[in-house]
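# Notes for the structure review
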Amino acid sequence: MSLGTTRRPPDRAPSGASSSANRFRERALSHRRRPLRLVLTWLLAVAVVAGLAWVVGWSTLLGVRDVEVVGVTGEEATAVAELVEVPTGTPLARVDTDAVADRVRERITVAEVSVRRAWPGTLSVEVVPRTAALVVKNPQGRLEVVDAEGVAFREVAKAPAGVPLVTATGSKGTTREALQSSLALLDALPHDLADDVRAVTVSSADLVTFTLGTRTVVWGSGEESPRKVAILRALLTTKAKVIDVSAPDTPVTR
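This text gives an overview of the structure that appears in the document.

Rules used throughout
Residues numbered from 1 in each chain as written. Predicted model: local features only at pLDDT ≥ 70, side-chain atom pairs only at ≥ 80, totals over all residues. Heavy atoms only, no water. Helix = DSSP H or I, 4+ residues; strand = E, 2+ residues; numbered from the N terminus. Buried < 20%, exposed > 50% of the residue type's maximum accessible area, 1.4 Å probe, protein only. Contact = heavy atoms within 4.5 Å. Areas by Shrake-Rupley, 256 points an atom, 1.4 Å probe, with all protein chains shown as cover. Core = buried A, V, L, I, M, F, W, Y, C linked by side-chain atoms within 4.5 Å. Axes fitted to C-alpha atoms, helices over the stretch in contact; angles between N-to-C directions. Parallel < 35°, antiparallel > 145°, perpendicular 65-115°, else oblique. Left-handed = near helix turned anticlockwise from the far one by under 90°. Nonpolar A, V, L, I, M, F, W, Y, C, P; charged D, E, K, R; others polar. Pairing = 2+ DSSP bridges. Arc of directions from axis to C-beta. Polar contact = N/O pair within 3.5 Å; in protein donor to acceptor, adjacent residues only side chain to side chain.

### Some points on the overall build of the chain
- For the chain, the helix and strand inventory stands at six helices and 12 strands.
- Scored against the burial criterion, the 254 residues of the chain give a buried share of 32%.
- Here the contacts in the chain between residues at least 6 apart in sequence split such that 46% fall between residues at least 24 apart.
- Within the structure as shown, the chain displays about 16,200 Å² of accessible surface, and the carbon and sulfur contribution to it stands at 56%.

Below, the structure is given as structure tokens:
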């Protein structure tokens, strides 16, 4: 009886060695792919930024579709909107808001203006209109509404309710000096008194008279205004129809 030859199984690499080799190959492939991934990531980022820049700065997707005027209404709002002069579809990001504000500011009725972008497609124009402080008669005999800075911004047939009418007499006529004297008077008076002024007569910078409700006040010049205000308040408690504080050391009532 012969003994058969014993077969030995083929040699195999240890499982630990095979796992290490696989990991090495994976790391090698990963290192080779990393530059490609970085390039692709960079190209994608550039493409996204370029796309966003195009959408914001050159396309009509975020273009001007509406002009919103805040602070005034009606015909005044329409007139302001016409001064914007930004074509529909202009990319909102490329609108020169300072230039728009300058154009709107040219309108004499506008005191202040600010322009801002309201995404995605609105240009907002906020206007502060001039407010009436006085009404004066111009050299042509027409009545002009003047604001607190002395800017005439509208003509009217008669003085609006609550706005004092300035009458300049003597050689001064309706000069700038008369207007400034009237504005200085309103600035010197406290609000509760200034709101009751109905008419101002100016014969010179040193002789200003005004009506306060049903009373006449001879103010004189703009000197010593705080003292004149204090004396006027005291004398308003009397029944005097005329109060003269032009010389505050010797006030007169009658």
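### Quick look at the nonpolar core
- One finds Leu189, Val200, Phe210, Trp219 and Leu232 to be the most contacted residues of the largest nonpolar core, which totals 29 residues.
- When contributions to this core are tallied by element, the ones reaching two or more residues are β4 (134-137), β7 (165-168), α4 (176-188), α5 (191-194), β8 (197-204), β9 (207-212), β10 (215-220) and α6 (225-235).
- Element by element, the count of residues in this core is highest for α4, at five residues.
- Not counting chain neighbours up to four residues away, the residues in contact with Phe210 comprise Leu185, Leu189, Val197, Ala199, Val200, Arg215, Thr216, Val217, Trp219 and Leu232.
- Membership of the second largest hydrophobic core comes to 18 residues, among which are Val80, Val84, Val110 and Val127.

### A closer look at the packing of helix α2 (residues 74-84) against helix α3 (residues 97-105)
- α3 packs onto α2 with a crossing angle of 135 degrees between their chain directions and a minimal axis gap of 8 Å. As summarised for this structure, α2 and α3 are arranged oblique, according to the angle between their axes. Crossing of α2 over α3 shows right-handed handedness. In contact with Val80, Leu83 and Val84 of α2, α3 contributes Val100, Arg103 and Val104.
- By residue class, the composition of the contact of α2 with α3 is five nonpolar, no polar and one charged.

### Some thoughts on the sheet that holds strand β2 (residues 110-118)
- In spatial order, the strands read β1-β3-β2; together these three strands make up an open sheet with mixed pairing. Edge positions in the sheet fall to β1 (66-70) and β2, since each has one partner strand and no second. Each neighbouring strand pair of the sheet contributes to a mean axis angle of 20 degrees, computed without reference to strand direction.
- Direction of pairing for β1 relative to strand β3 (residues 122-129): parallel, over a ladder of five bridges.

### What about the sheet that holds strand β5 (residues 143-146)?
- Taken in spatial order, the nine strands of this open sheet run β6-β5-β4-β7-β8-β9-β10-β11-β12, and their pairing is mixed. Sheet topology places β6 (152-156) and β12 (252-253) at the edges, where each strand pairs with a single neighbour.
- Both β9 and β10 contribute to a ladder of five bridges, which runs antiparallel. Paired with Val208 across the two strands is Gly220, which belongs to β10.
- Of the strands in this sheet, β4, β5, β7, β8, β9 and β10 are in contact with α4, which crosses β8 at around 135 degrees.

### Things to note about α3
- Those residues of α3 that sit buried are Thr97, Val100, Ala101 and Val104. Buried residues of α3 fall within an arc of 100 degrees about the axis and therefore sit on the same side.
- Considering only its buried residues, α3 is in contact with α2, β2 and β3.
- The backbone nitrogen of Asp98 has a side-chain oxygen 3.2 Å away, supplied by the residue at the start of α3, namely Asp96.

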